Amino acid sequence: MPSYVHGSRVGSRVNVYGVDFDPLQEKDVIQHVVTELAAGRGGQIVTPNVDILRLTRRDRESRAHVESASLVVADGKPLVWASHIAGRPLPARVPGSDLIWSLSAALAEHDRSVYLMGGAPSTPSRAGQVMRSRIPRLRIAGHLSPPFGFDAHPDQLDAACATVAAAQPDLVFVGLGFPKQERVIARLRPLLPRAWFLGCGAAIGFVAGVQRRAPQWMQLSGLEWAHRLASEPARLMRRYLVHDLPFALELMAVSARQRLRLRPEALADRAAAAPDGPVQTGGQH
């Protein structure tokens, strides 16, 4: 499936273990969202990591959420590594925890507004205060901390979605964890067809300061998951060590096999593209 930025084709999507990713850097994502908003078109960004990639291979609903997104970018170094091993590299990691800042700064420059949804009571309002202090021109359309389990009660879900829609934001950050945040976004998109949405997981908590993000060196070295595990071992140990670690090893092995299959094809393409055609061995006498 081709990717389009600024209305022009930028290249084919990169398939990483069955999921198509847009080969974009953070600046490309920002420019695309700004351009689409100016054209009156809304959309959704999904940022899969190893855990989300694992879920898409085992759960039909999770896969549908990723496939319905307008942009799919990798939030996880292992996914970028896997794409390089497979010979079809993604240019960079684009985490939601970075996009919440860079997208907000870009929207502030265009007098656009953002909405913060998710987190414990007072967390989204605190995040809004922090963002305004760092990005003074940013308009916060509103914030909402829905009650626990609200998505399982149709009346509470409808009320929450109506509250967000009434604020008419240009961009909604939904930090409820995958796939709950994507379920809520699926309900919101028809109500706000010209808005953009980002399911951002723990990013609102990071902004508010109620959770600490991993140091930069851990982010760059692919160890951000270890920092999260140390911060919340009871909640994350089974996910990271029992499910995600074996899956990450499987992902690398599959990517290596893809590279081996790609090599003969690449060599054949290179030979066919040579100016004088394939090199002939021997000759006629």
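Shown above is the structure to which this text applies.
Everything in this summary refers to the structure shown in the same document. (Residues numbered from 1 in each chain as written. Predicted model: local features only at pLDDT ≥ 70, side-chain atom pairs only at ≥ 80, totals over all residues. Heavy atoms only, no water.)

**Comments concerning the pattern of salt bridges**
For the structure on display, the rule yields 13 salt bridges. The residue aspartate 28 makes a salt bridge to lysine 27 at a minimum N-O spacing of 3.5 Å. For lysine 27, a relative accessible area of 55% gives the class exposed. Its salt-bridge partner being arginine 93, residue aspartate 75 comes within 3.2 Å of it at the nearest N-O pair. Note that aspartate 75 is positioned in the loop between strand S6 (71–72) and helix H4 (77–86) and arginine 93 in the loop between H4 and helix H5 (96–109), a separation of 18 residues in sequence. We classify aspartate 75 as buried; its relative accessible area is 16%. Each of Asp51, Arg54 and Asp244 takes part in salt bridges that share partners, so that together they form one network. (Salt bridge = Lys/Arg side-chain N within 4 Å of Asp/Glu carboxyl O. Buried < 20%, exposed > 50% of the residue type's maximum accessible area, 1.4 Å probe, protein only. Helix = DSSP H or I, 4+ residues; strand = E, 2+ residues; numbered from the N terminus.)

**Remarks on the packing of helix H1 (residues 26–38) against H5**
The N-to-C vectors of H1 and H5 enclose an angle of 45°; their axes lie 10 Å apart at closest approach. Comparing the axis directions of H1 and H5 gives the class oblique. Where H1 crosses over H5, the handedness of that crossing is right-handed. Counting all contacts with H1, which are made through Glu26, Val29, Ile30, Val33, Val34 and Leu37, the residues of H5 involved are Asp98, Leu99, Ser102, Leu103, Ala106 and Leu107. Here the contact of H1 with H5 is composed, by residue class, of nine nonpolar, one polar and two charged. (Axes fitted to C-alpha atoms, helices over the stretch in contact; angles between N-to-C directions. Parallel < 35°, antiparallel > 145°, perpendicular 65-115°, else oblique. Left-handed = near helix turned anticlockwise from the far one by under 90°. Contact = heavy atoms within 4.5 Å. Nonpolar A, V, L, I, M, F, W, Y, C, P; charged D, E, K, R; others polar.)

**Re unusual backbone geometry**
Cis peptide bonds are those with omega within 30 degrees of zero, and the linkage from phenylalanine 178 to proline 179 qualifies with 5°. Unlike most non-glycine residues, serine 122 shows phi in positive territory, near 80°. With respect to the secondary-structure elements, serine 122 resides in the loop between strand S7 (113–117) and helix H6 (123–134). When its relative accessible area of 52% is taken as the criterion, serine 122 is described as exposed.

**Concerning the packing of aromatic side chains**
Enumeration over the complete set of coordinates arrives at one aromatic pair. Seen from their ring centres, tyrosine 17 and phenylalanine 247 are 5.7 Å apart, and the 15° between their planes marks the pair as stacked. Of this pair, tyrosine 17 sits in the loop between strand S3 (14–16) and strand S4 (19–21) while phenylalanine 247 sits in helix H12 (residues 233–273), and the two are 230 residues apart along the sequence. Both residues of the pair, tyrosine 17 and phenylalanine 247, belong to the buried class. (Phe/Tyr/Trp six-rings, centres within 6.5 Å; stacked < 30°, edge-to-face > 60°.)

**Looking at a nonpolar patch on the surface**
Residues Trp217, Leu223, Trp225, Met237, Leu241, Val242, Leu245 and Leu249 make up a contiguous nonpolar surface patch of about 760 Å² in total accessible area. You can see valine 242 is positioned in helix H12. (Patch = residues over 30% accessible without salt bridge, like charges linked within 9 Å, V, L, I, M, F, W, Y side chains within 5 Å. Areas by Shrake-Rupley, 256 points an atom, 1.4 Å probe, with all protein chains shown as cover.)

**So, H1**
Between its first and last C-alpha, H1 extends 19 Å over 13 residues, near the 18 Å set by a 1.5 Å rise per residue. Every buried residue belonging to H1 is among Val29, Ile30, His32, Val33, Val34, Glu36 and Leu37, and all of these are buried. Directly after H1, the chain includes glycine 40, whose backbone phi takes a positive value near 80°. (Expected span 1.5 Å × (residues − 1).)

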